[in-house]
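Reading the structure
If you want the building blocks of each chain, they are given just below.
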Amino acid sequence: MKDQSILGKTISGVIIVAGGFLLFNLGFILAAFIINGSIKLMGLSEDASPPLLSMLIFVGLVIFIFWRVLKSNINHTLKATFYSLVLMMFLVLLGIILYELPKYMVLGIGGMFIGMISYIMFRNKFPWQYYFATLYVSILGVYIVLKDIDI
């Protein structure tokens, strides 16, 4: 799939955006299931802060799934779609950690993170689909921060 037509690239872009959106929703449902389940198992109140272990289990599970997808023989469009979930997960966790900081600092630190990821992709000559997914997730992340959307 080295020489894609404009139509092929457009279809790949739509798959990354639509599939990424679907995976974001499924990912956050999985996170809620793991975190709420651990809160109930530990006997904490429902408004308790999520236990660190449950967050680590969620992150580990998503990274494991992504690693398996990345090592598989599926095409780069589907791999980039799963990559968008992992990138969004890390940006959301970064946003949660930096929640008390001003927006410009959250955006700046998030931008440095995206820059680091982009440099790694460039250095390793990743296909264009990963850059597209990075741009898509970055724009969505900036929108979430600027509009004060709580996830």
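Above this note sits the structure.
Owing to the predicted nature of the structure, the values given are computational and were not obtained by experimental measurement.

Note: most residues except glycine have negative phi, and most peptide bonds are trans. Unlike most non-glycine residues, lysine 125 shows phi in positive territory, near 55 degrees. Looking at where lysine 125 falls in the secondary structure, it is placed in the loop between helix H4 (103–123) and helix H5 (128–146). Residue aspartate 148 is not a glycine yet carries a positive backbone phi of 55 degrees. In this structure, aspartate 148 sits in the segment after H5. Residue aspartate 148 is classed as exposed on the basis of its relative accessible area of 53%.

In this model helix H2 (residues 52–71) runs 28 Å from its N-terminal to its C-terminal C-alpha over 20 residues, within 8% of the 28 Å that 1.5 Å per residue would give. For H2, the elements touching its buried residues are helix H1 (6–42) and helix H3 (76–97).

Within the secondary structure layout, leucine 70 lies in helix H2. For leucine 70, a relative accessible area of 30% puts it in the partly exposed group. Sequence-wise, leucine 70 and tyrosine 83 are 13 residues apart; in three dimensions their C-alpha atoms are separated by 8.4 Å. What leucine 70 contacts, discounting residues up to four positions off in sequence, is Lys79 and Tyr130.

About the criteria used
- Residues numbered from 1 in each chain as written.
- Predicted model: local features only at pLDDT ≥ 70, side-chain atom pairs only at ≥ 80, totals over all residues.
- Heavy atoms only, no water.
- Helix = DSSP H or I, 4+ residues; strand = E, 2+ residues; numbered from the N terminus.
- Buried < 20%, exposed > 50% of the residue type's maximum accessible area, 1.4 Å probe, protein only.
- Expected span 1.5 Å × (residues − 1).
- Contact = heavy atoms within 4.5 Å.

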